[in-house]
Amino acid sequence: APPRPALPPYVAWKDAEHVIVHTGTTIETKRSAFGTSIITPAERLYIRNNLPAPDVSIVANRDAWVLSVEGVRQPRMLTVADLRTMGLETVAAVLQCSGNGRGYFASKPSGTKWQVGAAGCVIWSGVPVRNVVAALGGVDGAARFMTGTGGETLPAGVDPKSVMVERSVPLKAMEDALLAWEMNGEPVPHAHGGPLRLVVPGYSGVNNIKYVKRLAFTADESDAAIQRTGYRISPPGQKHQPTEPSVWEMELKSWINGPAPETGPVKAGWVQVHGVAMGATRNLRRVDVSIDGGQTWREARFVGPDLGRFAWRQFVLPVRLEPGQYLLASRAQDTQFNWQAESTPDNSGGYLNSGWRAHAIPLVVV
Ligand code: MSS
């Protein structure tokens, strides 16, 4: 295999030993590096940039960052300093790239071959979008979508619509959305969207706009390519059509993080099989673990605090294992009795892979 690229300068502070650098704009957490205490540290959190990140000077004076709020009765430019006076909320939420798990689709869709590590569970603090909207007189009557625009400087000589990071989500997502300036107890790192990020809990990564500079309540979805013809669920091998479903809400999903294949064989005896489970937008009811690739299942135990429906939960199942080969799998159930799918239909973008079978991992016991 060719040597992995080194961490690029804008994320030189990441924990190189615990991430996989696919390219300068796609970096994932190793399966074995998630730990068992729910929150993903910034140093291990994945990175995905559709455009090169803006210059780090944008975080020199965080309070001065300006957000334009449009599609409300009294549109206004607000600084982060203004936003800090308008409310405060904290939410634990899974941040997961739409393409997480793409590497497990049989059709080998083009794009980064993410395994499980284009995801993390982090705690955001900021002002609820609904507070800001209320302070500006409410949304414009015609609005059906909430549209966020990234603060990147666009490359010259190309149609801005073809490259800009601008995503629309259904207006109802506003209820849970935050304009966040803090992540895991620190100012949002520049690489993760500081000074200000639009956080849409329950919605896949791409909808969580970094360095957000414009928040608009719009009658139509953005006509940027990333919205119109990007991030849609299309049949394998086909181009995305603007009429196909957009990648918005995430799916019920779980996977096992340990023992991970990359840490090698384990000794016979008691093994603590552990992983994470997310309900996307719903609370979890239970998680089952299998050591025989899904032929038989046993209920695992949740570990640690329940940080709410947008976070993931840690689970464990102690098993006593003889030497041999095993195939570890997990499947989650939400409080509405939905089970995690056995497999996700293949799609051309390789999005939202949540099937338990594809995420199973081998374990060698010696
Ligand atoms: N934002 C902006 N502004 N830009 C870009 O590029 N990307 C996306 C989101 N947001 C972007 C944004 C994506 S796509 C993702 S995942 C995310 O982000 C990531 O995050 P981090 O922090 O991790 O890096 Mo896929 O669905």
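In what follows, the structure referred to is the one given above.
Residues numbered from 1 in each chain as written. Predicted model: local features only at pLDDT ≥ 70, side-chain atom pairs only at ≥ 80, totals over all residues. Heavy atoms only, no water.

Asker: I keep staring at the sheet that holds strand 21 (residues 361–365) and nothing clicks. Help me out?
Answerer: Hydrogen bonding along the main chain pairs the strands of a sheet, whether they run parallel or antiparallel. The antiparallel open sheet is built from 4 strands, whose spatial order is 17-16-20-21. Each having just a single partner strand, strand 17 (298–299) and strand 21 make up the two edges of the open sheet. Relative to strand 17, strand 16 (residues 284–290) runs antiparallel, the two sharing 2 bridges. What sits directly across from Val289, in strand 17, is Arg298. (Pairing = 2+ DSSP bridges. Helix = DSSP H or I, 4+ residues; strand = E, 2+ residues; numbered from the N terminus.)

Asker: Which parts of the structure should I look at to understand the nonpolar core?
Answerer: Where a protein is soluble and globular, its nonpolar side chains tend to be buried together. Counting 44 residues, the largest nonpolar core has Leu83, Val129, Met146, Leu179, Leu198 and Phe217 as its most contacted members. Listing elements by their share of this core, those giving two or more residues are strand 4 (66–70), helix 1 (80–84), helix 2 (129–135), strand 8 (145–150), strand 10 (178–183) and strand 13 (212–218). If near-sequence neighbours (up to four positions away) are discounted, Leu83 is found in contact with Leu67, Leu78, Val127, Val132, Leu179, Trp181 and Leu196. Counting residues in hydrophobic clusters, the runner-up holds 20 residues, among them Val266, Ala277, Ala332 and Ile361. (Core = buried A, V, L, I, M, F, W, Y, C linked by side-chain atoms within 4.5 Å. Buried < 20%, exposed > 50% of the residue type's maximum accessible area, 1.4 Å probe, protein only. Contact = heavy atoms within 4.5 Å.)

Asker: Just checking my understanding: could you explain the site of the ligand for this structure?
Answerer: Around the ligand, a shell composed of 21 residues is seen, among which Asn50, Cys97, Ser98, Glu152 and Lys210 lie nearest. At a separation of 2.6 Å, a nitrogen atom of the ligand approaches a polar side-chain atom of Glu152. At 2.7 Å from an oxygen atom of the ligand is found a side-chain nitrogen or oxygen belonging to Arg197. Here the residues of the shell around the ligand are counted per class, giving 10 nonpolar, 7 polar and 4 charged. (Near = heavy atom within 4 Å. Polar contact = N/O pair within 3.5 Å; in protein donor to acceptor, adjacent residues only side chain to side chain. Nonpolar A, V, L, I, M, F, W, Y, C, P; charged D, E, K, R; others polar.)

Asker: Any chance you could explain the pattern of salt bridges here in plain terms?
Answerer: Pairing between side chains of opposite charge can happen when their charged atoms approach one another. Scanning the entire structure with this criterion turns up 15 salt bridges. With a shortest N-O distance of 3.5 Å, Asp176 and Arg309 are connected by a salt bridge. Highlighted residues: Asp176 in the loop between strand 9 (166–170) and strand 10 and Arg309 in the loop between strand 18 (301–303) and strand 19 (312–321), separated in sequence by 133 residues. Assessed through its relative accessible area of 32%, Arg309 is described here as partly exposed. The shortest N-O distance in the salt bridge between Arg331 and Asp288 comes to 3.0 Å. On the criterion of sequence distance, the pair formed by Arg331 in strand 20 (residues 324–334) and Asp288 in strand 16 is long-range, its members being 43 residues apart. Take Asp288: its relative accessible area is 2%, and that puts it in the buried class. Overlapping salt bridges bring together Arg286, Asp288, Glu299 and Arg331 as one network. (Salt bridge = Lys/Arg side-chain N within 4 Å of Asp/Glu carboxyl O.)

Asker: Even after reading the chapter, I still don't get the sheet that holds strand 14 (residues 253–258), so can you show me in this structure?
Answerer: Spatially, 14-15-19-18 is the arrangement adopted by the 4 strands of the open sheet, whose pairing is antiparallel. Only two strands of the sheet have a single neighbouring strand rather than two, namely strand 14 and strand 18. Looking at each pair of strands side by side, their axes are set apart by 35 degrees on average, direction ignored. (Axes fitted to C-alpha atoms, helices over the stretch in contact; angles between N-to-C directions.)

Asker: What am I meant to see in the environment of Asn353 here?
Answerer: Here Asn353 lies in the loop between strand 20 and strand 21. Between the C-alpha atoms of Asn353 and Arg102, which are 251 residues apart in sequence, the distance is 6.3 Å. Apart from the residues lying within four places of it in its own chain, the contact partners of Asn353 are Asn100, Gly101, Tyr104, Phe105, Lys253, Thr344, Ala358 and His359. At 3.5 Å, the side chain of Asn353 and the backbone nitrogen of Gly355 are in polar contact.

Asker: I keep staring at the packing of aromatic side chains and nothing clicks. Help me out?
Answerer: One pass over the structure, following the stated rule, counts 7 aromatic pairs. Ring geometry for Phe145 and Trp248: centres 6.3 Å apart, planes at 40 degrees, overall tilted. Placement of Phe145 in strand 8 and of Trp248 in the loop between helix 4 (225–228) and strand 14 is noted, with a sequence separation of 103 residues between them. Residue class for Phe145 comes out buried when judged on its relative accessible area of 9%. Here a set of aromatic residues connected by ring pairs shows up, and it is made of Phe34, Trp255 and Trp312. Here the basic side chain of Arg331 rests over the ring of Trp339, its NZ or CZ set 4.5 Å away from the ring centre. (Phe/Tyr/Trp six-rings, centres within 6.5 Å; stacked < 30°, edge-to-face > 60°. Lys NZ or Arg CZ within 6 Å of the ring centre and 35° of its normal.)

Asker: Would you mind going over the pairing of strand 8 with me for this structure?
Answerer: Regular strands place their side chains on alternate faces of the sheet. Counting buried positions over the 6 residues of strand 8 gives 6, a clear majority of the element. Along strand 8, one buried face is formed by Phe145, Thr147 and Thr149 and the opposite face, lined by Met146, Gly148 and Gly150, is buried too. Taken together, the 6 bridges between strand 8 and strand 13 define a ladder with antiparallel strand orientation. Bridged to Gly150 within strand 13 is Val212.

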